[in-house]
Amino acid sequence: MSIYGDRAYAAFFKGYNCCQSVAVAFAEEMGMTEKQALQISAGFGGGFGRMREVCGAFSGITLVLGALYGSDDPAKKTALYTDVQALAAEYKARNGGPNTLICRELLGLKQAEGSPVASPRTPEYYKKRPCPELCRVAADIMAEYIAAHPRD
């Protein structure tokens, strides 16, 4: 576990979505304020706007990776996509559930709820959600990546 994982875990319990929780853990590293990190990651929660598609915690990994290692040079897309795919494999292997990046599958849902309305954050909500731990895992994976890939 890393300090980033702890930050992401704690952020989820403040009411932030999974992507926000991972992004805010790396706000300083991305050269952003916490508010900026929370704003740019807001729409990715709930598997992209609560559609239960790509897991928000993994979206957070991708967002942080792009902010720190992305390029404005189109010729460098392949290198970044290679890293995204490697991080996806690592996340699937370590997320503690089904080998997937899909939010609804991680939550054990057969289909999305069909509503954009976020669920109230109650003690019952937190008991049935793997999300805080998924945020921790995602942030830990990103922290390990950063440690293994120092930036110039």
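Figured I'd write up the structure that's included with this text. (Residues numbered from 1 in each chain as written. Predicted model: local features only at pLDDT ≥ 70, side-chain atom pairs only at ≥ 80, totals over all residues. Heavy atoms only, no water.)

Attention now goes to the environment of P98. Summarising the element assignment, P98 is placed in the loop between α6 (77-94) and α7 (103-106). Relative accessible area serves as the criterion here: at 39%, P98 is assigned to the partly exposed category. Sequence-wise, P98 and M142 are 44 residues apart; in three dimensions their C-alpha atoms are separated by 20 Å. (Helix = DSSP H or I, 4+ residues; strand = E, 2+ residues; numbered from the N terminus. Buried < 20%, exposed > 50% of the residue type's maximum accessible area, 1.4 Å probe, protein only.)

The description of two helices packed together rests on the angle between their axes and the distance between the axes. Running from amino to carboxyl end, α6 crosses helix α9 (residues 131-148) at an angle of 135°, the nearest separation of the two axes being 10 Å. When the axis of α6 is compared with that of α9, the two are oblique. As α6 runs across α9, the sense of the crossing is right-handed. In this structure, α6 uses D83, L87, E90, Y91 and R94 to contact α9, whose residues at the interface are L134, V137, A138, D140, I141, E144 and Y145. Class assignment for the residues of the contact of α6 with α9 results in seven nonpolar, no polar and five charged. (Axes fitted to C-alpha atoms, helices over the stretch in contact; angles between N-to-C directions. Parallel < 35°, antiparallel > 145°, perpendicular 65-115°, else oblique. Left-handed = near helix turned anticlockwise from the far one by under 90°. Contact = heavy atoms within 4.5 Å. Nonpolar A, V, L, I, M, F, W, Y, C, P; charged D, E, K, R; others polar.)

Mapped onto the fold, S41 is located in helix α3 (residues 34-41). Residue classification places S41 among the buried positions, given a relative accessible area of 0%. Taking the C-alpha atoms as reference points, S41 and G60, 19 residues apart in sequence, are found 7.3 Å from one another. Excluding anything up to four places from it in sequence, S41 contacts N17, C19, Q20, A23 and L63.

Shape is all these values report; function is a separate question.
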